[in-house]
Each structure stands twice: as C-alpha cells, then as structure tokens.
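Chain and residue survey
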Amino acid sequence: MALAGIFSSDMAIDLGTANTLVYVKGRGIILNEPSVVAYHVKDGKRQVLAVGEDAKLMLGRTPGSIEAIRPLRDGVIADFDTAEEMIKHFIRKVHKRTTFSKPKIIVCVPYGATPVEKRAIRQSVLSAGARRAGLIAEPIAAAIGAGMPITEPTGNMVVDIGGGTTEVAVLSLGDIVYARSIRVGGDRMDEAIISYLRRQQNLLIGDATSERIKTSIGTARMPDDGRGTSMLIRGRDLLNGVPKEVEINQAQVAEALMEPVQSICDAVMQALEATPPDLAADIVDRGVMLTGGGALLGDLDLALREQTGLSISVANEPLNCVALGTGKALEYQKQLRHVIDYET
C-alpha cells in the first residue's frame, strides 16, 4: 500500500459546464481548461481533433466537417461519449508518466443531480480509467474551498454560481441542511445578452462575443450615472444581413441581465425562508459567501445585499473554490468521508 502511495496521483475533478479543473493530491490545481471537445467528422466517423482551450476557439467557427461540442449542460453530462473523451484527455494530460496504480478520483456534482445523472458522471470517470470514483455535492465543495468552517455547529450559507447552475446551500456540521439548485448561471447570462441585443438593436452576436461583453462590462445593477462604461461590439445586422459595429454600455447590459440576476436573488431569499431560525441567526452574523465564476459579475454582491439586507462577500478565488474544496476532500478524507459518496 505504501508503494501505491508513492505513485498515487489521486485527483479531484471539478467537471463544470464551462470549465473543467483538475486538482492532483499534494500538488494543487494543475489544469483549468474549457469543457469543450472538437471532432473531425468523416464518413460518419468522429475523431477527436482538440480538447479544452484549442477546442473552445473553434466554437461557432467550424466548417461542416468539424464539430465543437460542450458535453455538459446545466452542470450534468448531456453527451456521454464526449464527456468520457474529455475526462480521459484531461487525466492523460495531468498524468505525464504511466503509473502502477489507477488514480482514485473525486468529482463534484450539482446538488440537484438525479441518480441517473450521478451514475452517468461516475461511469464516465470509471471508463476514463479511475480506480474508484467518489462524488461530492458542489455546494459542500464550494464552501470548503472558500474556507468556510462547515464542520462547526453554525450555519454557513454559500451561493455557487457556475456556468450552468446556481447552487444555494445552508451548511452546518459538515453537511447540507437546505439546498436548491436552479438552472441559471453564466450560460443563461450570455443568452440573455444575445436576446436583448437581438430585440433592442436588431443585432445578432455569437456566444463568444456575448461572454466578452459579460466579463468586460457585465454588471448586476444600474450604474449610478445611468450609462456606465461602454464597449464596441460587432455582429450581424438582422435588417439587412451585413456585419456592423455598435456601442453597448453597462446600463444596457444591466437591463439584459435583470432576469437571471433576479432568479439568483429569489433563490437566495427562498433559502433564507427555508432555513431553521437558529441557523438563520448565524447567517445574519456571518453573511453569505459567493463562489463560482458568476460571482465575478460586477456589483452582484451589492444587488444581493440590497435584496437580502445581509452582508455578502465574494470568495478569494471564486473560479477555483469548487476544485479546491474537492481537492481538500481528497486530502482530508478521514475528516470529510461522510460528504464523499463512493458507491462500492
């Protein structure tokens, strides 16, 4: 067993709708790439062409013979074979040398995942070459990664806003007291910006442009001057079909994002209503922690503070919280074994 330990490179994987992060035991996060696979299709046969960063650049720009696929939708596997290819690729990338032992892998899953979806994730990881596959609920991983004292008998509230889902959870004594998962996240925000520009400006833009708008000037509330900063974007004019360039400002983005932001606020309010009174009192003291890529949206903490009246803080590395938390569950398995679900 000691020998296996030397060569062991057990991993924790944060299989995200937008990005996949891999944490290797004792080494930290060593891979962070988009969850995209590009195939070359010839005579009905698919051959993997690129995975991760290279494949993402192809999204929305492929000829007929190449298809770029995002195998995860709303945090769960939508395309089984592609997901398996992607996990295999990332494991190989991390495992430079061939080892004697197959790695043990812990993967985080959305709290609302059904048994079928969980089995699909577990099966993909095992087929990709894992010795054992453990699952951990995403809100627990996010809270551990954000450094919240979840094993103490006090209430902690974490809001993890990912690409496909937002998970709102109240944790105490190392487990979930209340949680709900809503299918609103970074992708829904991108879609909201696309449909807003189509409605208001008759302009059609792609996913990559929409994501760029969100990360550059995205904001959850109206700027004080009613305009905010602006940026130039290019797309296709829907009236006469030619490409054109328009200016878009923060006030317009805030208006476009109103619906997804409101859904997140509502989910937080419902969680607070469903929380037992003593834990709710703890949350008033400690506030709420935001994690996940969506936590980087400008002024989201302020928008939530205005709605809930609680103090809202953003984790130090919101994008890495879930991967770090899943990694910690791997490092401290004895203390955290009750949150990891190994199906024997």
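Residues numbered from 1 in each chain as written. Predicted model: local features only at pLDDT ≥ 70, side-chain atom pairs only at ≥ 80, totals over all residues. Heavy atoms only, no water.

The N-to-C vectors of helix α5 (residues 138-145) and helix α12 (residues 321-331) enclose an angle of 90°; their axes lie 6 Å apart at closest approach. The orientation of α5 relative to α12 falls into the category roughly perpendicular. Where α5 approaches α12, its residues Glu138, Ala141, Ala142, Ile144 and Gly145 are matched on the opposing element by Cys321, Val322, Leu324, Gly325, Thr326 and Lys328. Here the contact of α5 with α12 is composed, by residue class, of six nonpolar, three polar and two charged. (Axes fitted to C-alpha atoms, helices over the stretch in contact; angles between N-to-C directions. Helix = DSSP H or I, 4+ residues; strand = E, 2+ residues; numbered from the N terminus. Parallel < 35°, antiparallel > 145°, perpendicular 65-115°, else oblique. Contact = heavy atoms within 4.5 Å. Nonpolar A, V, L, I, M, F, W, Y, C, P; charged D, E, K, R; others polar.)

As a further point, take the confidence of the model for the chain. Per-residue pLDDT for the chain averages 82, and the proportion of residues at 70 or more is 95%. In the model of the chain, helix α1 (residues 2-7) stands out as the element of lowest mean pLDDT, 45, in contrast to helix α6 (residues 186-201), which has the highest, 89. (pLDDT = per-residue confidence, 0-100.)

Here Gln252 lies in helix α8 (residues 250-256). The residues contacting Gln252, other than those within four sequence positions of it, are Tyr196, Gln201 and Glu247.

In the contact formed by α6 and helix α7 (residues 207-217), the axes pass within 9 Å of each other and the chain directions differ by 105°. Comparing the axis directions of α6 and α7 gives the class roughly perpendicular. Here Gly186, Met189, Asp190, Ile193, Ile194 and Leu197 of α6 lie close against α7, whose contacting residues are Asp207, Ser210, Glu211, Ile213 and Lys214. Split by residue class, the contact of α6 with α7 holds five nonpolar, two polar and four charged.

A sheet is described by the order of its strands in space; here three strands give the open sequence β5-β4-β6, paired in antiparallel fashion. Looking along the sheet, the strands with just one partner apiece sit at the ends: β5 (45-51) and β6 (66-69). Sheet twist, expressed as the mean angle between neighbouring strand axes with direction ignored, is 30°. Direction of pairing for strand β4 (residues 37-42) relative to β5: antiparallel, over a ladder of six bridges. (Pairing = 2+ DSSP bridges.)

The periodicity of an α-helix, 3.6 residues per turn, causes residues three or four positions apart to be oriented the same way. Of all the positions in helix α11 (residues 300-308), only Leu300, Ala303, Leu304 and Thr308 are classed as buried. On an axial view of α11, the arc spanned by its buried residues comes to 115°, and they lie on one face. Gly309 lies just past α11 and shows a positive phi near 75°. (Buried < 20%, exposed > 50% of the residue type's maximum accessible area, 1.4 Å probe, protein only. Arc of directions from axis to C-beta.)

Positionally, Tyr23 belongs in strand β2 (residues 19-24). Separated by 153 residues in sequence, Tyr23 and Ile176 place their C-alpha atoms 23 Å apart. In this structure, Tyr23 is in contact with Asp10, Met11, Ala12, Gly28, Ile29, Ala323, Leu324, Gly327 and Glu331, ignoring residues within four places of it in sequence.

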